[in-house]
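What the coordinates show
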Amino acid sequence: AVIDVVDKSNPATDMLPDKWKRTDEWYNFKDISTDIHVLAYLDESTYTGGKNSPKHPFIWYHEFDGGRAFYTGVGHREDNYDEPLVQQHLLGAIKWAGKIK
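These numbers were taken from a predicted model, which means no experiment stands behind them.

What counts, and where the lines are drawn
Residues numbered from 1 in each chain as written. Predicted model: local features only at pLDDT ≥ 70, side-chain atom pairs only at ≥ 80, totals over all residues. Heavy atoms only, no water. Helix = DSSP H or I, 4+ residues; strand = E, 2+ residues; numbered from the N terminus. Rg over C-alpha atoms; globule rule 2.2 N^0.38 Å. Buried < 20%, exposed > 50% of the residue type's maximum accessible area, 1.4 Å probe, protein only. Contact = heavy atoms within 4.5 Å. Areas by Shrake-Rupley, 256 points an atom, 1.4 Å probe, with all protein chains shown as cover. Lys, Arg positive; Asp, Glu negative; His and termini not counted. Charge placed at Lys NZ, Arg CZ, Asp CG, Glu CD. Phe/Tyr/Trp six-rings, centres within 6.5 Å; stacked < 30°, edge-to-face > 60°. Pairing = 2+ DSSP bridges. Axes fitted to C-alpha atoms, helices over the stretch in contact; angles between N-to-C directions. Core = buried A, V, L, I, M, F, W, Y, C linked by side-chain atoms within 4.5 Å.

**Quick word on the overall build of the chain**
- Scanning the chain from N- to C-terminus turns up one helix and five strands.
- Its helices and strands in sequence order give the chain the pattern β-β-β-β-β-α, from N to C terminus.
- Computed over its C-alpha atoms, the radius of gyration of the chain comes to 13 Å, within 12% of the 13 Å expected for a compact globule of 101 residues.
- For the chain, the spread of C-alpha atoms along the three principal axes comes to 40 × 30 × 25 Å.
- Buried residues in the chain amount to 38% of all 101 residues.
- The long-range fraction of contacts in the chain, counting pairs at least 24 apart against all pairs at least 6 apart in sequence, stands at 53%.
- Carbon and sulfur atoms provide 50% of the accessible area of the chain, an area that totals close to 6200 Å².
- One way to put it: in the chain the 12 positive side-chain charges average out to a point 3 Å from where the 16 negative ones average out.

**Describing the packing of aromatic side chains**
- Counted under the stated rule, the structure contains seven aromatic pairs.
- For the pair Trp26 and Phe58, a centre-to-centre distance of 5.6 Å together with 55° between the ring planes defines the contact as tilted. With Trp26 in the loop between β2 (19-21) and β3 (37-43) and Phe58 in strand β4 (residues 57-64), this pair connects stretches of sequence that are 32 residues apart.
- The exposure class assigned to Phe58 is buried, which follows from its relative accessible area of 4%.
- Consider the rings of Tyr61 and Trp96, whose centres lie 4.5 Å apart with planes at 45°: the pair is tilted. Here Tyr61, found in strand β4, pairs with Trp96, found in helix α1 (residues 84-97); they are 35 residues apart in sequence, far enough to count as distant. As far as burial versus exposure is concerned, Tyr61 and Trp96 are alike and both buried.
- By way of ring pairs, the aromatic residues Trp26, Tyr47 and Phe58 are connected into one cluster.

**What about the sheet that holds strand β1 (residues 2-5)?**
- Read from one edge of the open sheet, five strands run β2-β1-β3-β4-β5, paired in antiparallel fashion. Whereas interior strands pair on both sides, the edge strands pair on one side only; in this sheet they are β2 and β5 (67-72). Strand-to-strand twist in this sheet, taken as the mean axis angle between neighbours without regard to direction, amounts to 20°.
- Looking at chain direction, β3 and β4 are connected through four bridges and run antiparallel. Each bridged residue has a counterpart across the sheet, and for Val38 the counterpart in β4 is Trp60.
- Across the sheet, α1 is in contact with β2, β4 and β5; its angle to β5 comes to roughly 165°.

**Details of the nonpolar core**
- Ranked by size, the top nonpolar core spans 16 residues in total, and within it Ile3, Trp20, Trp26, Leu42, Phe58, Ile59 and Val74 carry the most contacts.
- Listing elements by their share of this core, those giving two or more residues are β1, β3, β4 and α1.
- With residues near it in sequence (within four places) discarded, Leu42 still touches Ala1, Val2, Ile3, Trp26, Tyr47, His56 and Phe58.

**Some thoughts on the environment of Ala97**
- With respect to the element layout, Ala97 can be found in helix α1.
- When its relative accessible area of 34% is taken as the criterion, Ala97 is described as partly exposed.
- Between the alpha carbons of Ala97 and Glu63 there is a distance of 9.3 Å; along the sequence they are 34 residues apart.

Okay, here's the thing in structure tokens:
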């Protein structure tokens with residue numbers, strides 16, 4: 001599937017390509033909060049089984065009570081963690097969540 005990266009202002013997405021082609025396990029969501037800042041959407045036209053179109057959030061964050069929460073749909077396959085781009089993505093997410101520069 002293709003992930004459409006729409007916001008590169010976050011350290012978890014600033015290194016990602018605009019269109020990130022991935023092989024992974026894709027999740028559908030029953031409820032999608034309106035209180036999230038979406039960094040990337042999953043393009044449901046590039047795989048079968050999507051149920052959240054046209055805006056299927058794939059990477060997002062939100063802040064609450066002084067804390068930070070980050071979600072990424074990347075990483076359901078063990079081999080994902082060998083990829084340098086995935087490692088950079090996850091490190092950026094950790095740095096953002098931990099307010100580490």
